[in-house]
Each structure stands twice: as C-alpha cells, then as structure tokens.
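Working through the structure, step by step
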Amino acid sequence: MISRRQSLRRIAMVGVGAPTVWHQCALATTFLEIDQAQKLLLPQASVFTAMPLSLDAARLAQVATATQVPVPRSFAPQCWTALDNGRLQGWVLADRVIGKYELIDYAAGFAVDGSMTGLEILAYRESHGAEIRNPAWRKQFAGKKGPSQIRLGDDIRNISGATLSCQHVTQGAQRLSALVQLLYQPAGGI
C-alpha cells in the first residue's frame with residue numbers, strides 16, 4: 001500500500017525474479033507557463049519585465065502582520081512589472097504554496113490601484129483538490145484589494161475535498177496582495 005505522501009511519486013518495481021527496475025511516475029501537471037498567465041492576468045500589457053524583490057526580515061514581518069498568517073521560510077515570490085507603451089499597467093507575482101503534501105504554483109495579477117485582476121494555477125501536483133483550477137473559484141479573487149479582503153470562508157469560499165489547497169492558495173494570495181500594498185502603492189514606496 002502506497003502512503004498518501006508517496007502517492008504523487010509512486011515507485012513501482014517491475015519484474016519479479018528478474019533484475020529490479022525502478023520507475024518513478026510523477027503526477028504533476030503544468031497548466032500554464034508564466035508568460036501565458038501574465039497575458040491572462042493583465043491582457044492590456046504588452047511587456048512584462050522581471051523585477052527582483054528584496055524581502056528582508058522587516059518586510060516579511062510586515063507581510064505577516066498584514067495577513068495575520070505566518071510567512072513560510074520558502075516565501076520567495078517572483079515579480080514582473082506590466083507595461084503598455086511605457087505606461088504601468090500593474091504587476092504579476094508568482095509563488096508556490098504547499099497543498100496537502102505537494103507544491104502548487106500559482107500567479108496573481110494586480111492592477112495599478114492594488115486590486116487583484118485574477119489568479120491562475122500554473123502547476124498542480126496533488127492527487128486531490130484540483131478543483132481550485134475551476135474558473136468560478138479563481139474568479140472570486142478578482143477585484144479584491146488588500147489581504148483583509150482575501151479570507152477563506154468570508155471572501156473566498158472553500159471547496160469540499162480541496163480544503164487545504166483552498167486555504168493555502170488563499171493565504172498565498174493574501175501575502176502577494178500585502179506585498180503589492182507595501183511595496184508598490186504610493187504610501188508604501190519601493
């Protein structure tokens with residue numbers, strides 16, 4: 001019996017009595033590349049420029065305070081500035097969170113006013129809970145501004161059978177929203 005933890009990395013022996021051959025079967029599915037997600041999240045932008053984020057301990061503490069959720073050590077989002085004819089259109093941030101056992105890669109778009117334009121699932125590795133890819137669930141994030149408007153159960157509904165995926169992606173979206181509020185809004189400075 002393969003444990004849940006091993007379910008995504010099933011290792012099967014082939015050939016009884018013969019030399020043993022190991023086969024690893026990964027169930028990870030990539031749904032979008034980041035450039036595809038960028039176009040979906042901010043379609044009015046013609047250029048996406050990578051922008052390094054400097055997240056020191058003080059900034060991470062601000063994110064944790066704003067979201068009221070601990071920031072994992074692995075928090076290292078990527079950021080792109082979205083432009084059209086030299087005019088700022090917003091930002092796309094990509095991050096990953098743990099589902100139940102495996103990582104979920106996602107990207108969120110933000111308009112210049114800091115509101116979310118949407119959320120896209122880039123890669124999903126769990127055996128259950130992929131319902132978070134449903135457009136109706138992801139659409140709930142559009143228009144939310146700031147981490148206080150992105151709360152599971154209040155602003156974002158849970159999906160039975162995908163509770164941890166919903167919870168962790170929602171918390172990740174809160175962190176990205178807090179970053180946008182802290183780093184890119186006029187009062188926050190860069």
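Look a little higher up for the structure.
Please read all numbers here as calculations on a predicted model, not as lab measurements. Within any chain, residue numbers begin from 1 and follow the written order of that chain's sequence. The model is predicted, so local features are restricted to residues of pLDDT at least 70 and side-chain atom pairs to those at 80 or more, both for listing and for counting; the totals for chains, interfaces and linings are taken over all residues. To get the side-chain values, take all heavy atoms of the structure and skip hydrogens and water.

**Here we look at the overall build of the chain**
Strands here mean DSSP runs of E at least two residues long; helices mean DSSP runs of H or I at least four residues long; both are numbered from the N terminus. When helices and strands are counted, the chain shows four helices and eight strands. Buried means the residue's accessible area, taken with a 1.4 Å probe over protein chains only, is under 20% of the maximum for its type, while exposed means over 50%, and partly exposed covers the values in between. Here the chain holds 190 residues, and 43% of them are scored as buried. Of the roughly 10300 Å² of accessible surface on the chain, a fraction of 53% belongs to carbon and sulfur atoms. Using a 1.4 Å probe, the Shrake-Rupley method yields the accessible areas, and only the shown protein chains count as cover for residues.

**With respect to unusual backbone geometry**
Here the phi dihedral of Gln68 falls at roughly 60 degrees; this positive angle occurs in a residue that is not glycine. Judged by relative accessible area, Gln68 falls into the exposed class, the value being 72%. Even without being glycine, Asn85 reaches a positive phi, approximately 50 degrees.

**With respect to the pairing of strand β5 (residues 78-84)**
Where strand β4 (residues 47-50) meets β5, four bridges bridge the pair, whose relative direction is antiparallel. Residue pairing across strands places Phe48 opposite Ala82, the latter belonging to β5. Any two strands with at least two DSSP-identified bridges between them are counted as paired. Where β5 lies against strand β6 (residues 87-98), seven bridges are found, and the strand directions are antiparallel. Residue pairing in the sheet places Gln78 in a bridge with Ala94 of β6. Counted along the chain from β5 to the antiparallel partner β6, the turn is two residues long, and its residue Asn85 has a positive phi close to 50 degrees.

**Remarks on the pairing of β6**
Within a regular strand, the side chains alternate between the two sheet faces. Across nine bridges, β6 lies against strand β7 (residues 103-111) in antiparallel orientation. Counted as the bridge partner of Asp95 is Tyr106 from β7. Joining the antiparallel neighbours β6 and β7 is a turn of four residues.

**Points about helix α1 (residues 34-41)**
An α-helical segment advances 3.6 residues per turn. Residues three or four places apart therefore align on the same side. Along α1, the residues classified as buried are Ala37, Gln38 and Leu41. Projected onto a plane normal to the axis of α1, the buried residues spread over an arc of 105 degrees and lie on a single side. Note on contacts: a residue pair is in contact if any heavy atoms of the two residues lie within 4.5 Å. The inward-facing, buried residues of α1 abut β4, β5, β6, β7 and β8 (116-124). Note: the arc covers the axis-to-C-beta directions of the helix.

**Structural notes on the pattern of salt bridges**
We count a salt bridge whenever a side-chain nitrogen from Lys or Arg sits within 4 Å of a carboxyl oxygen from Asp or Glu. Tallied over the full model, the rule gives five salt bridges. Close ionic contact of Asp105 with Arg96 constitutes a salt bridge, the shortest N to O distance being 2.9 Å. Salt bridges here are not isolated pairs; linked through shared partners, they connect Arg96, Asp105 and Arg125.

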